[in-house]
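What the coordinates show
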Amino acid sequence: MLCNEGIPQLYLSSELIIHEVVHDCNVFHLYASSSLGYGVCPYCGHVSSQVHSRYSRTIYDLSILGERVVLHLDVRKFFCHNDDCCRKTFAEQPGDEVFRYRRRTCRCERVVARHGISVSSNSACRLLSDIGICVSSSTILLPIEFSKHI
């Protein structure tokens, strides 16, 4: 199923294109990539369009109608041609909705952190499981450190 009409409302601040949506065993799998033809080096700000390689990231998001959402991102790595830059390659960052090095979207992290602040981690684990976010009670304690930035 190709589905791009409703996706911009889900990921407003990103440059993602959803190529395919698969609903399988109560899980929505969204296969996406960046819509930009270039990447911006996060270390020096240099723009590059020369692709070095690709890899896949799996990101968990808030549920849709109580069913889990898994975002499968096709991420490109680019060469940085700025001679003054300390890095020779960098990975593209697909908008503001996906944190670097994280496994959940920003809005999913916010929900986990808010539940972790409101109730005990064990209670939050059960509540989050009911809305389709499967995390352990020890994982809930980590986003509390970052809740000051949310």
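Residues numbered from 1 in each chain as written. Predicted model: local features only at pLDDT ≥ 70, side-chain atom pairs only at ≥ 80, totals over all residues. Heavy atoms only, no water.

Considerations on the overall build of the protein chain
- A tally of helices and strands in the protein chain yields 4 helices and 7 strands.
- Each helix and strand of the protein chain, ordered N terminal to C terminal, gives the series α-β-β-β-β-β-β-β-α-α-α.
- Counting every position in the protein chain, which comprises 150 residues, the buried fraction comes to 36%. (Helix = DSSP H or I, 4+ residues; strand = E, 2+ residues; numbered from the N terminus. Buried < 20%, exposed > 50% of the residue type's maximum accessible area, 1.4 Å probe, protein only.)

Details of helix α3 (residues 121-130)
- Taken together, the buried positions of α3 are S121, A124 and L128. Take α3 and look down its axis: the buried residues cluster within an arc of 55°, on one side only. Of the exposed residues in α3, those oriented more than 90 degrees away from the buried face are R126 and D130. (Arc of directions from axis to C-beta.)

So, helix α2 (residues 106-118)
- With 13 residues, α2 ought to run about 18 Å at 1.5 Å a step, and its terminal C-alpha atoms sit 18 Å apart, in line with that.
- When α2 is considered as a whole, its buried residues turn out to be C106, C108, E109, V111, V112, A113 and G116. (Expected span 1.5 Å × (residues − 1).)

Structural notes on the nonpolar core
- I18, L30, L71 and L73 are the most contacted members of the largest nonpolar core, which totals 13 residues.
- At the level of elements, β1 (16-24), β2 (27-34) and β6 (67-79) are the ones that each hand at least two residues to this core.
- It is β6 that contributes the most residues to this core, 4 residues altogether.
- V111, I133, V135 and I140 belong to the second-largest nonpolar core, a separate cluster that totals 8 residues. (Core = buried A, V, L, I, M, F, W, Y, C linked by side-chain atoms within 4.5 Å.)

Side note on a nonpolar patch on the surface
- Together, Y38, V40 and V47 make up a nonpolar patch on the protein surface, roughly 250 Å² of accessible area in all.
- Structurally, Y38 can be placed in the loop between β2 and β3 (39-40).
- Residue Y38 is classed as partly exposed on the basis of its relative accessible area of 37%. (Patch = residues over 30% accessible without salt bridge, like charges linked within 9 Å, V, L, I, M, F, W, Y side chains within 5 Å. Areas by Shrake-Rupley, 256 points an atom, 1.4 Å probe, with all protein chains shown as cover. Salt bridge = Lys/Arg side-chain N within 4 Å of Asp/Glu carboxyl O.)

With respect to the packing of α2 against α3
- Closest axis-to-axis distance for the α2/α3 pair is 8 Å, and the angle between their directions is 140°. Here α2 lies oblique to α3, going by the angle between them. For α2 against α3, the interelement crossing comes out right-handed. Where α2 approaches α3, its residues V111, V112, H115 and G116 are matched on the opposing element by A124, L127 and L128.
- Class assignment of the residues belonging to the contact of α2 with α3 gives a composition of 5 nonpolar, 2 polar and no charged. (Axes fitted to C-alpha atoms, helices over the stretch in contact; angles between N-to-C directions. Parallel < 35°, antiparallel > 145°, perpendicular 65-115°, else oblique. Left-handed = near helix turned anticlockwise from the far one by under 90°. Contact = heavy atoms within 4.5 Å. Nonpolar A, V, L, I, M, F, W, Y, C, P; charged D, E, K, R; others polar.)

Quick notes on the pattern of salt bridges
- Counted by the stated rule, this structure contains 5 salt bridges.
- Where R76 meets E92, a salt bridge forms, and the shortest distance between an N and an O atom there is 2.8 Å. Within this pair, whereas R76 is found in strand β6, its partner E92 is found in the loop between β7 (89-91) and α2, the two being separated by 16 residues in sequence. By the burial criterion, R76 is buried, and E92 matches it.
- Close ionic contact of E109 with R102 constitutes a salt bridge, the shortest N to O distance being 3.5 Å.
- Here R102 falls in the partly exposed class, since its relative accessible area comes to 21%.

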